[in-house]
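The chain contents come next:
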Amino acid sequence: MTKQKTLYNRLLPGQEVFGSFETADILKVNRGIINNDMKQGHLPAGTKIKWGKTTRTVFSRKELYWISLFYQLHAIGLTKRHADEIVRSIRSQPHDYILLGSSADHGAGAAALYFKNYLSVQVLDELNKTRSTIIINYKKVRQDVDERIRRHGEKLLQP
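Source: prediction; values computed, not measured. (Residues numbered from 1 in each chain as written. Predicted model: local features only at pLDDT ≥ 70, side-chain atom pairs only at ≥ 80, totals over all residues. Heavy atoms only, no water.)

## Some details on the environment of Arg81
Considering the arrangement of structural elements, one finds Arg81 in helix α4 (residues 80-90). On the basis of relative accessible area, Arg81 is assigned to the partly exposed category, the value being 42%. Arg81 sits 11 residues away from Phe70 along the chain, and the two C-alpha atoms are 9.7 Å apart. (Helix = DSSP H or I, 4+ residues; strand = E, 2+ residues; numbered from the N terminus. Buried < 20%, exposed > 50% of the residue type's maximum accessible area, 1.4 Å probe, protein only.)

Below, the structure is given as structure tokens:
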């Protein structure tokens, strides 16, 4: 994975960061929605950097993964509050595949990926009410975001 050059990298040497406009463009989400969800505490706050007389918010690649996962969970029907709880509960986990379900009565292979201990009672209730199981291919989420970042960088280089 190559490091993507962005406008803000010169302000934070050694760090790969993306501004809110870049984030919106990469993830194909309206910037106003991202800002609103950030203000409501559903998304990572990013890092504030001084930009002339103003302050800009930048996000790391890892934060782009979390934001992408948040919007994907919301798109499948979870409330933003529940999507946020799930992302917060799993973002420190190093796993590529995560199974979220309403009971531990899954097959032997799935039991190893069952994250019941990391979910709030409200999220478990929601999954139980709908009798649903969510399988998150977090590896695919990361690969998708990496590919979008690569394409975004190529688009910037075009004359």
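## Considerations on the layout of surface pockets
Estimated volume of the largest pocket: approximately 160 Å³. Forming the walls of the largest pocket are Leu69, Gln72, Leu73, Ile76, Ile134, Ile135, Ile136, Asn137, Lys140, Val141 and Asp144. Looking at the lining of the largest pocket, the elements with two or more residues in it are α3 (61-75), β5 (134-137) and α7 (138-157). Counting residues per element, the lining of the largest pocket draws most heavily on β5, which supplies 4 residues. Class assignment of the residues belonging to the lining of the largest pocket gives a composition of 7 nonpolar, 2 polar and 2 charged. (1 Å grid on protein atoms, 1.4 Å probe; cavity = no way out; pocket = protein on both sides within 12 Å on 5 of 7 lines; lining within 4 Å. Points joined across faces, edges and corners; volume = space filled by probe spheres on them. Nonpolar A, V, L, I, M, F, W, Y, C, P; charged D, E, K, R; others polar.)

## Observations regarding the packing of aromatic side chains
Two descriptors summarise a pair of aromatic rings, namely the distance from one centre to the other and the angle between the planes of the rings. Inspection of the entire model under this criterion finds 1 aromatic pair. Judged by centre distance (4.9 Å) and plane angle (80°), the ring pair of Phe70 and Tyr71 falls under edge-to-face. Considered together, Phe70 and Tyr71 belong to a single accessibility category, that of buried residues. Here the guanidinium or amino end of Arg31 rests over the ring plane of Phe21, the centre of that ring lying 4.0 Å away. (Phe/Tyr/Trp six-rings, centres within 6.5 Å; stacked < 30°, edge-to-face > 60°. Lys NZ or Arg CZ within 6 Å of the ring centre and 35° of its normal.)

## What to know about the pairing of strand β3 (residues 54-60)
Two elements, strand β1 (residues 17-19) and β3, share 3 bridges in a ladder whose sense is antiparallel. In the sheet register, Phe18 faces β3, and the bridge partner there is Phe59. The loop that links strand β2 (residues 47-51) with its antiparallel partner β3 comprises 2 residues; one of these, Gly52, has a positive phi angle of about 65°. (Pairing = 2+ DSSP bridges.)

## Section: the confidence of the model for the protein
Per-residue confidence for the protein averages 76 on the pLDDT scale, and 66% of its residues sit at or above 70. Of all secondary-structure elements in the protein, the lowest mean pLDDT belongs to helix α5 (residues 108-111), at 29, while helix α2 (residues 31-39) reaches the highest, 94. In this model, residues 103-118 is a region of pLDDT below 50 whose contacts with residues beyond four sequence positions or in other chains number 23 contacts. (pLDDT = per-residue confidence, 0-100. Contact = heavy atoms within 4.5 Å.)

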